[in-house]
Amino acid sequence: MGLAGALALPGCATAKGRRLGISTTKEGYQNFFEASGQADTPYAVNYAILPFDLSLQAISSGELDAGSNFTDIPLTIWGGSLKDCRIIALIRSDAQARLLGLVARGGLAARSPADLKGRRVGYLRCSNYHYYLLQLLEQQGLKWNDIVPVSLARDTLPAAFASGQLDFWVTQGIETILAQRHYGGRLIAQAQGDYAGNGVVIANRAALDNADTARDLGDYLLRFRNVIDWMESHDDPWADILSKATGIDRAYYLEWRHLKKNRTRLVPIDNKAIADQQTAADLFRRFGVTSMRFDAEQLWDRRFGTLLS
């Protein structure tokens, strides 16, 4: 697989022959390294903007060393695709911070998740969105065939919602703001609690076993932690940078930020993170999303725990 979308991180051109290949998205954390003063690495960082499945393939094959564009929940259904990948750090944020919600289309007489029955519900399959939808169904005593699930790609869900093809849209983050302000929807439920999926950093196992690459990955994680801390304390430049990267009005990003109560942090792996992921995997199995048994413990690698403590 050729990484035609690869780009070099600004400020890294003078690195001395060492390179890290990192998968990301257009709105990813790479946009903030320069502004937060973390771009001057002693190695080159080449980012590849890739969708989730291609990112996993590239990391598993060793074409990339690591990826920062993942959450833990989708990984529970990928099975053999993960045999050469390990989670090496946790980007923890609670459900409220993720702004994971259920939005009803304008004009729909719906007041709560109990009104999901018989309705067309748009979601992103095998994702945080899917997990939250299953949580809502289980809480209401509903089964999967009690709704009309509409699985669409993330970038096609807004148009389907706007055109009236969906009654409900399971949203997250900036989408929850856009669904209300731009597409006329109403937020009728929002995920609560300390878990609705966590961000994770994934690395190739061979890269981790290479002393030089592992050292550079450790340095990258420390810089990445500083980047996240900077993002959490610089609302206006954070919104400006994301608006430039995505074309979405900065006012919507600031609205999201002002609704956020708890900070996002890059932290060492702990037992709770592993148990939370296992809980998500078990929910998917109960609803028949997958029949595969998933052992979360096998996917996590704690070697950077002391460094990040």
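Data block above holds the structure.
All values derive from a computational prediction rather than experimental measurement. (Residues numbered from 1 in each chain as written. Predicted model: local features only at pLDDT ≥ 70, side-chain atom pairs only at ≥ 80, totals over all residues. Heavy atoms only, no water.)

In this section: the side chain of Asn128. Positionally, Asn128 belongs in helix 3 (residues 128–139). Only 2.9 Å separates the side chain of Asn128 from the side chain of Thr71, close enough to count as a polar contact. (Helix = DSSP H or I, 4+ residues; strand = E, 2+ residues; numbered from the N terminus. Polar contact = N/O pair within 3.5 Å; in protein donor to acceptor, adjacent residues only side chain to side chain.)

The pairing of strand 7 (residues 120–123) with strand 8 (residues 148–151) spans four bridges and is classified as parallel. Looking across to strand 8, one finds that Tyr123 is bridged to Ser151. Where the polypeptide runs from strand 7 across helix 3 and back to strand 8, its parallel neighbour, the crossover connection is right-handed. Pairing of strand 7 with strand 9 (residues 168–171) involves two bridges; the strand directions are parallel. Each bridged residue has a counterpart across the sheet, and for Val121 the counterpart in strand 9 is Phe168. (Pairing = 2+ DSSP bridges. Right-handed = clockwise from strand over helix to strand, strands pointing away.)

A few words on the environment of Arg119. Looking at the element boundaries, Arg119 is found in the loop between strand 6 (101–104) and strand 7. Residue Arg119 is classed as partly exposed on the basis of its relative accessible area, which comes to 29%. Considering only alpha carbons, one finds Arg119 and Ile147, 28 residues apart in sequence, at a separation of 5.4 Å. Here Arg119 is in contact with Arg105, Leu108, Ile147, Val148, Asp167 and Phe168, once residues within four sequence places are set aside. (Buried < 20%, exposed > 50% of the residue type's maximum accessible area, 1.4 Å probe, protein only. Contact = heavy atoms within 4.5 Å.)

Below, the discussion takes up the packing of helix 5 (residues 174–181) against helix 9 (residues 250–259). Running from N to C, helix 5 and helix 9 cross one another at 115°; their axes reach a closest spacing of 9 Å. The hand of the helix 5/helix 9 crossing is right-handed. Residues Ile174, Ile177, Leu178 and Arg181 of helix 5 form the contact with helix 9, whose participating residues are Tyr252, Tyr253, Glu255, Trp256 and Leu259. Residue classes in the contact of helix 5 with helix 9 are distributed as seven nonpolar, no polar and two charged. (Axes fitted to C-alpha atoms, helices over the stretch in contact; angles between N-to-C directions. Left-handed = near helix turned anticlockwise from the far one by under 90°. Nonpolar A, V, L, I, M, F, W, Y, C, P; charged D, E, K, R; others polar.)

What follows is about helix 8 (residues 235–246). Its 12 residues give helix 8 an end-to-end C-alpha distance of 16 Å, which sits within 8% of 16 Å, the value for a rise of 1.5 Å per residue. What helix 8 keeps buried is the set Trp238, Ala239, Ile241, Leu242, Ser243 and Thr246. The inward-facing, buried residues of helix 8 abut helix 7 (211–233) and helix 9. Just downstream of helix 8 lies Gly247, where phi reads positive at about 80°. (Expected span 1.5 Å × (residues − 1).)

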